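Chain by chain, the residues:
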Amino acid sequence: MDPEFQRHNAQSAKAITSELVDVYAKVYDVLPYIGDPFFSAESFRERLEAAYDTEGFETVTAHQDGRIVGYVHGATLPSDKPWWTALGDRRPADLVELGDHGGVFWLRELMVLPKLQNKGLGRLIHDTVIAGRSETVTALTCIVDNQPAHDAYLRWGYTIMGQIKHAPESPVYDAMYLPSR
């Protein structure tokens, strides 16, 4: 059965917060994330709820049999976001310019339930959200050691700009961008 996609702005996403957190909890219920406070469902809920106030926030959910089986959320990248500015001149000049004018979509999270991973659903969700955005470039951060996701983003055309940490307790991430479409 093909998934059905639904777009949510911040207001409608708030109504499904518990479902989004439940999917997150299932996706991150694997090593090395189990027991790491940074990846706890409570910590994710706090980050998600804070993200609702970000300009251009959007979630695209994928449904099968009436249940969320995967989703992405993101927003317009704030030009002063610490991980973004920490990259300094490792960011291409045209991306800095786009970022200064709200032209970069920040893909914050992309996840698919474990039983449906490696079947192309993540790519469908990714492409669906990007197709509906006004920004022309997409940026994200991917845990360096998350090889499946890391490899997928590179296959999809992302370029690595450099490594960052979101917080002292977070793992190391590759900051990546998908060139203009």
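The notes below deal with the structure included here. Just so it is clear, the structure is predicted and the values come from calculations on it, not from any experiment.

## Observations concerning the pairing of strand 7 (residues 172–178)
Phase 1 of the analysis: Taken across its 7 residues, strand 7 has 6 buried, putting it largely inside the fold.
Phase 2 of the analysis: Here 6 bridges tie strand 5 (residues 137–143) to strand 7, and the two strands are oriented antiparallel to one another. The partner of Leu140 across the bridge, within strand 7, is Met176.
Phase 3 of the analysis: Relative to strand 7, strand 6 (residues 159–165) is paired through 6 bridges, and the arrangement is antiparallel. If you follow Gln163 over to strand 7, its bridge partner there is Asp174.
Phase 4 of the analysis: Two successive antiparallel strands, strand 6 and strand 7, enclose a turn made up of 6 residues.

## Thoughts on the pattern of salt bridges
Phase 1 of the analysis: Overall, the coordinates contain 5 salt bridges when judged by the stated rule.
Phase 2 of the analysis: Between Glu58 and Arg133 there is a salt bridge whose closest N-O contact spans 3.1 Å. One end of the pair, Glu58, is in strand 2 (residues 58–64); the other, Arg133, is in the loop between helix 6 (121–131) and strand 5, and 75 residues separate them in sequence. Comparing Glu58 with Arg133 shows no difference in burial state: the two are buried.

## Re the pairing of strand 3 (residues 67–76)
Phase 1 of the analysis: Extensive coverage of strand 3 is indicated by the burial of 9 of its 10 residues.
Phase 2 of the analysis: Two elements, strand 2 and strand 3, share 7 bridges in a ladder whose sense is antiparallel. Residue pairing across strands places Ala62 opposite Gly70, the latter belonging to strand 3.
Phase 3 of the analysis: Hairpin remark: strand 2 followed by strand 3, antiparallel, with 2 residues in the connecting loop; positive phi at Asp65, about 50 degrees.
Phase 4 of the analysis: Note that strand 3 and strand 4 (residues 104–112) share 7 bridges and pair antiparallel. Of the residues in strand 4, the one forming a bridge with Gly70 is Val112.

## So, unusual backbone geometry
Phase 1 of the analysis: Following Leu31, the chain continues to Pro32 via a peptide bond in cis, the omega torsion being 5 degrees.
Phase 2 of the analysis: The topology assignment puts Pro32 in the loop between helix 2 (17–27) and helix 3 (41–51).
Phase 3 of the analysis: Even without glycine at this site, Asp65 takes up a positive phi of about 50 degrees.
Phase 4 of the analysis: In this structure, Asp65 sits in the loop between strand 2 and strand 3.

Parameters at a glance
Residues numbered from 1 in each chain as written. Predicted model: local features only at pLDDT ≥ 70, side-chain atom pairs only at ≥ 80, totals over all residues. Heavy atoms only, no water. Buried < 20%, exposed > 50% of the residue type's maximum accessible area, 1.4 Å probe, protein only. Helix = DSSP H or I, 4+ residues; strand = E, 2+ residues; numbered from the N terminus. Pairing = 2+ DSSP bridges. Salt bridge = Lys/Arg side-chain N within 4 Å of Asp/Glu carboxyl O.

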